[in-house]
Amino acid sequence: MTQAPQRPIDVTALAAGVRGRDRAALARAITLVESRAPQHAQAAQRLLTELLPLAGQSIRIGITGAPGAGKSTFIDTFGCLLTERGHKVAVLAIDPSSSLTRGSILGDKTRMERLSRDPKAFIRPSPTGGVLGGVAAGTRESILLCEAAGYDVIVVETVGTGQSEIALRSLVDFFLLLLITGAGDELQGIKKGVIEIADALVVNKADGDNIVAAGAARAEYNRALRLLAPATAGWTTRAHTASGLTGDGIGEIWDVIAQFVAATRASGAFTGRRRAQLRDWLREAIETRLRDCFYAHPSVQEALPKLEAAVMRGDLAATAAAEQMLSLMLRGK
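A quick note: this is a predicted structure, and the numbers were derived from the prediction, not measured.

Before we move on, can you summarise the overall build of the protein chain with the specific residues and values?
Along its length, the protein chain carries 14 helices and 7 strands. Out of the 333 residues belonging to the protein chain, those deemed buried represent 46%. Within the protein chain, contacts between residues separated by at least 24 positions form 76% of all contacts whose residues are at least 6 apart in sequence. As presented, the protein chain carries roughly 17300 Å² of accessible surface, and 56% of it is formed by carbon and sulfur atoms.

Set out below in structure tokens:
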């Protein structure tokens, strides 16, 4: 049985739906820009070009932390606070994919129970799909689409998996690191490099019997932060306490973010970071396109299995094999 041809994507109608703040249209638009299917690439680029003038008006917040840090509960409470204050909040929750099955759990929407029911909020779980750095392909484009749909606060959340924090830093204006107490030595429990790129640390789960321990951890982190260079020029990174469960301290975290935005906009650091991110987006797009073109080249496809076999037998160095394949592509053979 022959498969019916796919209906062409109506980019104009899809863009109108996004501009009209139709959440279903926004979800379809994100699916389009996340797609790696060659037949979707042109439609995705047309959609982004049409909506680009509406982008850039949000505050982009990155939130990361080790599993168990309470990210979903924190974001649920944080997002509800913002919608109560009149903001529209989009959450892009990045789930790491299995390196074997490429599958992911995508459970953040169910864990953010209150926010998922809020008409002023949009939650989009996305798998990394094996992309290096632990950030989903199309995350930059998804941020743009959410902004075009009128969301003025964009939260990008990912599990702390090493490279993921560096990748997340390059997507957002404000980088928030969630920490917890009771996981051993507080300063040894997380890499110094992650603390160095954070604009604020939050010791989460500061509630019940844990309040005193959370306060002690905050003081310890603040002492350590005095020895580090600031992550953002003109801004002093501080540690805070909060509870996603009770809501204590959540409002103060938003106040800190608002102070950061005001200070960096006044100094020019905010605009400078946004421009650098656009440059990074361009370079990533070039690298992705070059990689796709390389592996799609007929000469590369023909030579690759033989050269791979030679490398695996130890008959040929990997660098020499790569040079041969690049020469084939560049000569057009």
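I'd like a description of helix H3 (residues 38-51), backed by residues and values.
Between its first and last C-alpha atoms H3 spans 21 Å; for 14 residues at 1.5 Å apiece the expected length is 20 Å, and the two agree. Among all positions in H3, only Ala43, Ala44, Leu47, Leu48 and Leu51 are buried. Within H3, the buried residues cover an arc of 140° as seen down the axis, which keeps them to one side. Residues of H3 that are exposed and angled more than 90 degrees away from the buried face: Pro38, Gln42 and Thr49. In this structure, the buried side of H3 is in contact with helix H1 (11-19), helix H2 (23-34) and helix H7 (139-148).

Please give an account of the pairing of strand E2 (residues 89-95) that cites residues and values.
In terms of burial, E2 is a largely internal element, 7 of the 7 residues being buried. The side-chain alternation of E2 yields two buried faces, one formed by Val89, Val91, Ala93 and Asp95 and the other by Ala90, Leu92 and Ile94. As defined by bridge partners, E2 adjoins strand E4 (residues 153-159) across 6 bridges and the pair is classed as parallel. By the bridge assignment for E4, Val91 is matched with Val155.

Residues and numbers for the nonpolar core, please.
The biggest cluster of nonpolar side chains holds 47 residues, and the ones touching the most others in it are Leu47, Leu145, Cys146 and Leu201. Ranked by the residues each element gives to this core, the list is headed by H2, at 6 residues. Those residues in contact with Leu201 that sit more than four places away from it in its chain are Leu177, Leu179, Ile195, Tyr221, Leu225, Arg238, Ala239 and His240. Counting residues in hydrophobic clusters, the runner-up holds 34 residues, among them Ile61, Ile253, Ile257 and Val261.

With reference to specific residues and values, describe the packing of aromatic side chains.
Per the counting criterion, the structure on display carries 6 aromatic pairs. Seen in terms of ring centroids, Trp235 and Phe260 are 5.3 Å apart; in terms of plane orientation they differ by 90°. Their pairing is edge-to-face. Separated by 25 residues along the polypeptide, Trp235 in the loop between helix H10 (211-225) and strand E7 (238-241) and Phe260 in helix H11 (residues 250-267) bring together distant segments of the chain. Just as Trp235 is buried, Phe260 falls in that class too. Taken together, the ring pairs in this structure connect Phe74, Phe78 and Trp254 into an aromatic cluster. Against the face of Tyr151 rests Lys88, its NZ or CZ located 4.4 Å from the ring centre. Against the face of Phe270 rests Arg265, its NZ or CZ located 4.6 Å from the ring centre.

Could you give me a rundown of the confidence of the model for the protein chain, with the residues and numbers involved?
On average, residues of the protein chain score 86 in pLDDT, and 85% of them are at 70 or above. Counted against residues more than four places away or in other chains, residues 97-105, with its pLDDT under 50, gives 15 contacts. A low-confidence stretch, residues 130-134 (pLDDT under 50), is modelled with 12 contacts involving residues beyond four sequence positions or located in other chains.

Tell me about the environment of Asp10, and please be specific about residues and values.
Checked against the element boundaries, Asp10 lands in the segment before H1. The partly exposed category is assigned to Asp10, whose relative accessible area is 48%. Sequence-wise, Asp10 and Ala43 are 33 residues apart; in three dimensions their C-alpha atoms are separated by 8.4 Å. Polar contacts involving the side chain of Asp10 include one to the main-chain amide nitrogen of Thr12, which spans 3.3 Å. Reaching out from Asp10, the side chain makes a polar contact with the backbone nitrogen of Ala13 at a distance of 3.1 Å.

So what's going on with the environment of Leu307? Which residues, and what values?
Looking at the element boundaries, Leu307 is found in helix H13 (residues 298-313). For the pair Leu307 and Met325, spaced 18 residues apart in sequence, the C-alpha separation works out to 8.6 Å.

I'd like a rundown of H11, residues and numbers included.
For H11, with 18 residues, the first-to-last C-alpha span of 26 Å sits near the 26 Å given by 1.5 Å per residue. Along H11, the residues classified as buried are Ile250, Gly251, Ile253, Trp254, Val256, Ile257, Phe260, Val261 and Thr264. Positive phi appears at Gly268, one or two residues downstream of H11, with a value of about 95°.

With reference to specific residues and values, describe unusual backbone geometry.
Residue Arg21 is not a glycine yet carries a positive backbone phi of 65°. Counting through the fold element by element, Arg21 comes out in the loop between H1 and H2. Of note in the backbone geometry, Lys205 takes a positive phi value of approximately 60° without being a glycine. Considering the arrangement of structural elements, one finds Lys205 in the loop between strand E6 (200-203) and H10. A relative accessible area of 37% means that Lys205 is categorised as partly exposed.

So what's going on with the packing of H1 against H3? Residues and values would help.
Close contact between H1 and H3 brings their axes to 10 Å; oriented N to C, the two are set at 45°. Judged by the angle between their axes, H1 and H3 are oblique. Classified by chirality, the crossing of H3 by H1 is right-handed. Across the interface between the two elements, Val11, Thr12, Leu14, Ala15, Val18 and Arg19 from H1 touch Ala43, Arg46, Leu47, Glu50 and Leu51 from H3. Grouping the amino acids of the contact of H1 with H3 by side-chain chemistry returns 7 nonpolar, 1 polar and 3 charged.

About the cut-offs
Residues numbered from 1 in each chain as written. Predicted model: local features only at pLDDT ≥ 70, side-chain atom pairs only at ≥ 80, totals over all residues. Heavy atoms only, no water. Helix = DSSP H or I, 4+ residues; strand = E, 2+ residues; numbered from the N terminus. Buried < 20%, exposed > 50% of the residue type's maximum accessible area, 1.4 Å probe, protein only. Contact = heavy atoms within 4.5 Å. Areas by Shrake-Rupley, 256 points an atom, 1.4 Å probe, with all protein chains shown as cover. Expected span 1.5 Å × (residues − 1). Arc of directions from axis to C-beta. Pairing = 2+ DSSP bridges. Core = buried A, V, L, I, M, F, W, Y, C linked by side-chain atoms within 4.5 Å. Phe/Tyr/Trp six-rings, centres within 6.5 Å; stacked < 30°, edge-to-face > 60°. Lys NZ or Arg CZ within 6 Å of the ring centre and 35° of its normal. pLDDT = per-residue confidence, 0-100. Polar contact = N/O pair within 3.5 Å; in protein donor to acceptor, adjacent residues only side chain to side chain. Axes fitted to C-alpha atoms, helices over the stretch in contact; angles between N-to-C directions. Parallel < 35°, antiparallel > 145°, perpendicular 65-115°, else oblique. Left-handed = near helix turned anticlockwise from the far one by under 90°. Nonpolar A, V, L, I, M, F, W, Y, C, P; charged D, E, K, R; others polar.

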